[in-house]
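# Structural overview for review
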Amino acid sequence: MEHETVIRLSVFLGLFTLFAVAEAIRPRRARVAPRSSRWVTNWGISILSTLTLRAFAFVVPALAVGAALDARAEGWGLFNTLDWPVWVEMVAAILILDFAIWAQHLITHKVPVLWRLHRVHHADRDMDVTTAIRFHPVEIGLSMGLKIGLVYLLGPSALAVILFEIILNGTAMFNHANLRLPLAIDRIVRLVLVTPDMHRVHHSVHRHEHDSNYGFSLSIWDRLFRTYIAQPAAGHSEMTVGLRWQDDRPARLGWSLRLPFTRV
Ligand SMILES: [Zn+2]
Ligand SMILES: [Zn+2]
């Protein structure tokens, strides 16, 4: 289990650095807000969310991976009652978990109390690799609760859960990066994965645009459920990213943490 933390942290820091360098070399949009205050705030939110999960881990040891080990030991969950080849179970589990995260994301846009939490992510006025880690601690806690419940129902292997978390984390950093991909490459990649241009539509200030493209890893769910919008109407350079707070408030840590609980 300690191994798992070291592997995940190494992959996370490696990919974070890679995308941060890539977006500095080939930026897609000019920034509208200073990077320093946004980065301090986004990292601050992320560190608090990680600490929340650690506190949560006192109640549910080792979180989703621990739940997978526990379900296996107890014989709980669908895959622990089936005798499918390991790799089939692994692919099926990762697909189902990815769909669940897509559905959860859609629900956070539709249920007002959940949208209050999720809009902390959307309030960021620029989109870059740090936007991928800007999720309110309460939203991260709820999301982990859902994942743990699903893991007990599904009974995937611990390896499938670790792979899923690494893929989700890696693809989220990729598609939030302010990265200019050649359009031909973007067209090919987005047949399978959510690209930065595809996810940027989801960060549009316009509601009908931010209520689309809910995927974090695979692009198939939005195409399947007709929530896919290929490009922002105003174009990638001209579109406004964020919500109605087009000032320096979203770049402040205290304001961002209080946002779900304030009447605005
Ligand atoms: Zn969203
Ligand atoms: Zn996003």
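The structure this text deals with has already been given above.
The next point concerns the overall build of the protein. Along the protein, the regular secondary structure elements total 12 helices and zero strands. N-terminal to C-terminal, the α/β element order of the protein is α-α-α-α-α-α-α-α-α-α-α-α. Taking 2.2 N^0.38 as the reference for a compact globule, 264 residues should give roughly 18 Å; the C-alpha atoms of the protein span a radius of gyration of 18 Å, in line with that estimate. When its C-alpha atoms are laid out on the principal axes, the protein stretches across 55 × 40 × 35 Å. Residue burial in the protein is summarised as follows: out of 264 residues, 50% are buried. A total accessible area of about 12,700 Å² is found for the protein, and carbon and sulfur atoms account for 70% of it.

Checked against the element boundaries, H109 lands in helix α4 (residues 86-110). A polar contact of 3.0 Å, which involves the side chain of H109, links it to the side chain of D211. When residues no more than four places from it in sequence are discounted, the contact partners of H109 are W115, H118, H122, H202, R207, H210, D211 and Y214.

Protein-derived coordination of the zinc ion (ligand 1) comes from H105 (NE2), H109 (NE2), H118 (NE2), H122 (NE2) and H202 (NE2), at a distance range of 2.1 to 2.2 Å. All donors to the zinc ion (ligand 1) come from one chain, and their sequence spacing reads H-x3-H-x8-H-x3-H-x79-H. If you look at the zinc ion (ligand 1) and the zinc ion (ligand 2), they sit 5.6 Å from each other. With H122 in helix α5 (residues 112-122) and H202 in helix α9 (residues 196-202), the pair connects residues that are 80 residues apart, well separated along the chain. The buried category is assigned to H122, whose relative accessible area is 1%. What makes H202 buried here is its relative accessible area of 0%.

With that out of the way, let us pick up unusual backbone geometry. With phi around 50 degrees, N213 is a residue other than glycine that occupies positive phi space. Here N213 is to be found in the loop between α10 (207-210) and α11 (220-224). Using a relative accessible area of 0% as the deciding quantity, one classes N213 as buried. Of note, the phi angle at R226 is positive, near 55 degrees, even though the residue is not glycine. Examined against the element boundaries, R226 turns out to sit in the loop between α11 and α12 (253-258).

A few words on the environment of L191. Residue position: L191 is located in the loop between α8 (183-189) and α9. Along the sequence, L191 and L218 sit 27 residues apart, while their C-alpha atoms lie 8.6 Å from each other. With residues near it in sequence (within four places) discarded, L191 still touches S219 and R223.

Before going further, it helps to examine the pattern of salt bridges. According to the stated counting rule, one finds 10 salt bridges in the structure shown. Where D211 meets R207, a salt bridge forms, and the shortest distance between an N and an O atom there is 2.8 Å. Notably, a salt bridge pairs D247 with R249, separated by 2.9 Å at the nearest N-O pair. Assessed through its relative accessible area of 28%, D247 is described here as partly exposed. Within the structure, one salt-bridge network assembled from shared partners comprises R31, R38, D124 and D128.

Rules of the game
- Residues numbered from 1 in each chain as written.
- Chains lettered and ligands numbered in written order.
- Predicted model: local features only at pLDDT ≥ 70, side-chain atom pairs only at ≥ 80, totals over all residues.
- Heavy atoms only, no water.
- Helix = DSSP H or I, 4+ residues; strand = E, 2+ residues; numbered from the N terminus.
- Rg over C-alpha atoms; globule rule 2.2 N^0.38 Å.
- Buried < 20%, exposed > 50% of the residue type's maximum accessible area, 1.4 Å probe, protein only.
- Areas by Shrake-Rupley, 256 points an atom, 1.4 Å probe, with all protein chains shown as cover.
- Polar contact = N/O pair within 3.5 Å; in protein donor to acceptor, adjacent residues only side chain to side chain.
- Contact = heavy atoms within 4.5 Å.
- Donors = N, O, S within 2.8 Å, 3.2 Å for Na, K, Ca; no water.
- Salt bridge = Lys/Arg side-chain N within 4 Å of Asp/Glu carboxyl O.

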